[in-house]
Amino acid sequence: MANGLMEGKKAQDWLNLVLAVALFVSPWAIGFAGEFMAAWNAWIVGIVIGALALATLTAFSEWEEWANMVIGIWLVVSPWLLDFAANVNAMWTHVVLGLLVAAISAWALWDERRNPHAHV
């Protein structure tokens, strides 16, 4: 039997929470904290992904996974829309983490459709 915290929870929820933290600290860790748009985008989107991940850990709701997927896509295109694609570190951080967030959310949606009672 799983412990109380993990019971009925999916690995995808925890992965998105880890990615949210990684995105939030990435401006300092990767070295683009001085790039205003890139840093603020990482901080704001990291907080949103983290809040959605925590909400999903509390009580699964399909809309939260769809929202995370849209946010992941936003991360992929944001370097060009916010004009910081020239900063290679910031651009690749956003693209890679965005693809991961979108893919993990798609996986969670697929898993939920395949096994609807996995989330309690």
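Residues numbered from 1 in each chain as written. Predicted model: local features only at pLDDT ≥ 70, side-chain atom pairs only at ≥ 80, totals over all residues. Heavy atoms only, no water.

(A) Seen up close, the overall build of the chain. The helix and strand inventory of the chain stands at 4 helices and 0 strands. Ordered by position from N to C terminus, the α and β elements of the chain give α-α-α-α. Counting the 120 residues in the chain, one finds 46% classified as buried. Of the contacts formed within the chain by residues at least 6 apart in sequence, a portion of 63% connects residues at least 24 apart. Carbon and sulfur atoms provide 73% of the accessible area of the chain, an area that totals close to 6500 Å². (Helix = DSSP H or I, 4+ residues; strand = E, 2+ residues; numbered from the N terminus. Buried < 20%, exposed > 50% of the residue type's maximum accessible area, 1.4 Å probe, protein only. Contact = heavy atoms within 4.5 Å. Areas by Shrake-Rupley, 256 points an atom, 1.4 Å probe, with all protein chains shown as cover.)

(B) The arrangement of the side chain of T93 in detail. Tracing the backbone through its elements, the reader meets T93 in helix α4 (residues 88-114). Residue T93 is classed as buried on the basis of its relative accessible area, which comes to 11%. There is a polar contact of 2.7 Å between the side chain of T93 and the backbone oxygen of N89. Here T93 is in contact with S26, I30 and F32, once residues within four sequence places are set aside. (Polar contact = N/O pair within 3.5 Å; in protein donor to acceptor, adjacent residues only side chain to side chain.)

(C) Quick peek at the UniProt feature "transmembrane region" (unreviewed entry) in the chain. UniProt's feature table lists "transmembrane region" (unreviewed entry) at residues 14-34, 40-60 and 91-110, given in the numbering used throughout. The span residues 14-34 is 86% helical and 0% strand by assignment, and the distance between its end C-alpha atoms comes to 29 Å. Taken end to end, residues 91-110 has its terminal C-alpha atoms 28 Å apart, with 100% of it in helix and 0% in strand. (UniProt positions renumbered as here; feature names shortened; annotations may be inferred.)

(D) Here's a closer look at the packing of aromatic side chains. Applying the stated criterion across every chain yields a total of 4 aromatic pairs. On the numbers, 5.8 Å between centres and 65° between planes, the contact of F24 with W28 is edge-to-face. Of this pair, F24 and W28 both sit in helix α1 (residues 11-31), 4 residues apart, roughly one helical turn. Owing to a relative accessible area of 30%, F24 belongs among the partly exposed residues under this scheme. (Phe/Tyr/Trp six-rings, centres within 6.5 Å; stacked < 30°, edge-to-face > 60°.)

(E) Here's a closer look at the packing of α1 against helix α2 (residues 36-58). Relative orientation of the contacting elements α1 and α2 amounts to 160°, with a least axis distance of 8 Å. The pairing of α1 with α2 is recorded here as roughly antiparallel in orientation. The chirality of how α1 crosses α2 is left-handed. Contacts between α1 and α2 involve D13, W14, N16, L17, A20, L23, F24, S26, P27 and W28 from the former and A39, A42, W43, V45, G46, I47, I49, G50, A53, L54, T56 and L57 from the latter. Classifying every residue of the contact of α1 with α2 by side-chain character gives 16 nonpolar, 5 polar and 1 charged. (Axes fitted to C-alpha atoms, helices over the stretch in contact; angles between N-to-C directions. Parallel < 35°, antiparallel > 145°, perpendicular 65-115°, else oblique. Left-handed = near helix turned anticlockwise from the far one by under 90°. Nonpolar A, V, L, I, M, F, W, Y, C, P; charged D, E, K, R; others polar.)

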